[in-house]
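Descriptive structure summary
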Amino acid sequence: MNTKQHKQNNTLILAIESSCDETAAAVIENGRSIRSNVVYSQIQLHVPYGGVVPEIASRSHIEKIDAVVQAAMKEAGLAYGSLDAVAVTQGPGLVGALLVGVSYAKGLAYALKKPLVAVNHISGHIAANYLAYPELKPPFLCLVVSGGHSHVIEVTDAGLFLLGCTQDDAAGEAFDKAARVLGLPYPGGPNLDKLAEAGNPDTYRLTEPKVAGAYDFSFSGLKTGFINLVHGMDQRGERYDKAGLAAVFRHTVVHHLTGKTIKAALDRGWKTLALAGGVSANSLLRKELQALCDEHGFKLYMPPLYLCGDNAAMIGAAAHVQLMNHDVADLSLNANPSLSLKFGT
């Protein structure tokens, strides 16, 4: 594939994201500027089922992807020939959903004779901060929290270095399960966050997880404890305060996440921190982490809410870094639902 465009001053990347239940396309200039950012959300399709149905998600991606890409190009005011590369989420995610995006991106890159860049979805979440803060550059410490991931990562020019991660469930998955126990509709995490705003976290008590690793997390036991608390009251016929339950669960998860992250920053001498991932939209997490960073004199970067959820703009930002490093894929690229981040040693 053509790689002559890698060193142009104005690099335009069309990025595609289809890892779960959003069909998204964006055009990113120089890895920092959003020329367009189009997202088609499938939330209403999955509400009746209480969660994402993979087959429905895949079919919707097939139906919408071409229109979404065309809308992104129109919004950017560009012809396809103006592009310097095509980027796509390779994984992790739902395999059928990923395959739609990967197949479309491969065909487009081949037809345009442009480089193809395969992006890790989690790298994209980290890179969302680059779009909101042009001054942000590595090195910095990043807390990545999403439905499937909870990591504390050192982001450097030499690569990513893992300090800690969840030993079982991710924070986002725990929020969704707690929301389901409370009978909240899909999407669970955001609805639990809203309900918790009206509750008092001191109404009930949950034990914060204990993990051997200094910067590791654990949410499985906390989730089980919460389920047992609610089910126990149900079985005894006790009335309970849903807002209070949502508040204590949110508070315990957030305290666990922020405590470990600030410890890592203090131990390792970090002064610049970033937040990333879908759960970075959680209102208490944003407030508490900002307060702790202010207390310790740390600079905190958080993506704006429209860049917290899945979107293609973040994929384009991550792809720009890879393109500059000539990290491109060929047409044998395949979706990888369990794709892991590449960590240095």
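Anything mentioned here points back to the structure above.
Nothing here was measured: the structure is a model prediction, and the numbers come from that model.

Relative to the assigned elements, Lys 223 resides in helix H7 (residues 220–235). Judged by its relative accessible area of 11%, Lys 223 is buried. Of the polar contacts made by the side chain of Lys 223, one reaches the side chain of Glu 173; its length is 3.3 Å. Sequence-distant contacts of Lys 223, that is, excluding residues within four places in its chain, are made with Asp 169, Glu 173, Ala 174, Lys 177 and Phe 249.

With that out of the way, let us pick up the environment of Asn 129. With respect to the secondary-structure elements, Asn 129 resides in helix H4 (residues 121–132). Not counting the four nearest positions on each side in its chain, Asn 129 is found in contact with Leu 136, Ala 274, Leu 275, Ala 276, Tyr 301, Met 302 and Pro 303.

Relative to strand S8 (residues 159–165), strand S7 (residues 150–156) runs antiparallel, the two sharing six bridges. From the neighbouring strand, Val 155 faces S8, where its bridge partner is Leu 160.

This part takes up the packing of H4 against helix H10 (residues 312–324). At a closest axis distance of 7 Å, the pairing of H4 and H10 adopts a crossing angle of 90°. One finds that H4 runs roughly perpendicular with respect to H10. Along its contact with H4, which presents His 121, Ser 123, Gly 124, His 125, Ala 127, Ala 128 and Leu 131, the element H10 presents Ala 313, Met 314, Ile 315, Ala 317 and Ala 318.

We now examine the pattern of salt bridges. Within the structure shown, the criterion is met by nine salt bridges. Among the ionic pairs, Asp 169 bridges to Lys 223, the shortest N-O distance being 2.8 Å. With Asp 169 in the loop between S8 and helix H5 (171–181) and Lys 223 in helix H7, the pair connects residues that are 54 residues apart, well separated along the chain. Neither Asp 169 nor Lys 223 differs from the other in exposure class; each is buried. In this structure, Arg 236 engages Glu 238 in a salt bridge whose closest nitrogen and oxygen atoms are separated by 2.5 Å. Glu 238 sits in the partly exposed class, given a relative accessible area of 37%.

The subject of this paragraph is the sheet that holds strand S1 (residues 12–17). Strand order in the open sheet formed by five strands is S3-S2-S1-S4-S5, with mixed pairing between adjacent strands. Taken across any chain shown, the strands that pair with only one partner, and hence form the sheet edges, are strand S3 (33–41) and strand S5 (116–120). Ignoring which end each strand starts from, the neighbouring axes of this sheet average 20° apart. Relative to strand S4 (residues 85–91), helix H3 (residues 95–112) is tilted by about 160°, and along the sheet it contacts S1, S4 and S5. Across the sheet, H10 is in contact with S1, strand S2 (22–29), S3, S4 and S5; its angle to S1 comes to roughly 130°.

The omega torsion across Gly 91 and Pro 92 is -10°, close enough to zero to call that bond cis. Mapped onto the secondary structure, Pro 92 falls in the loop between S4 and H3. The peptide bond linking Pro 138 to Pro 139 adopts the cis configuration, its omega dihedral lying at 10°. Of note in this structure, Asn 30 is not a glycine but carries a positive phi near 55°. Turning to its location among the elements, Asn 30 is positioned in the loop between S2 and S3. Positive phi is not limited to glycine here, since Lys 113 has a value of about 55°. Of note, Lys 113 is situated in the loop between H3 and S5.

Thresholds, definitions, all that
Every residue gets a number counted from 1 within its own chain, in the order that chain's sequence is written. Totals for whole chains, interfaces and linings use every residue, but because this is a predicted model, local features are given only for residues with pLDDT of at least 70 and side-chain atom pairs only at 80 or more, for both listing and counting. Side-chain descriptors were evaluated using all non-hydrogen atoms of the structure, hydrogens and water having been removed beforehand. Each helix is a run of H or I in the DSSP string that is no shorter than four residues. Each strand is a run of E no shorter than two, and both are numbered from the N terminus. Buried residues are those whose accessible area, probed at 1.4 Å on protein chains only, stays under 20% of the maximum for their type, while exposed residues exceed 50% and partly exposed ones sit between those limits. Two N or O atoms form a polar contact when they lie within 3.5 Å of each other; inside protein one atom must be a possible hydrogen donor and the other a possible acceptor, and for residues adjacent in sequence the pair counts only when both atoms belong to side chains. Any pair of residues with heavy atoms lying within 4.5 Å of one another is described as a contacting pair. For two strands to pair, DSSP has to find at least two bridges joining them. Note on geometry: axes are C-alpha line fits, over the in-contact stretch for helices, and angles between N-to-C directions span 0 to 180 degrees. Any angle from 65 to 115 degrees is called roughly perpendicular, while one under 35 is roughly parallel, one over 145 is roughly antiparallel, and all others are oblique. Basic side-chain nitrogens of Lys or Arg form a salt bridge, by our definition, when they fall within 4 Å of a carboxyl oxygen of Asp or Glu.

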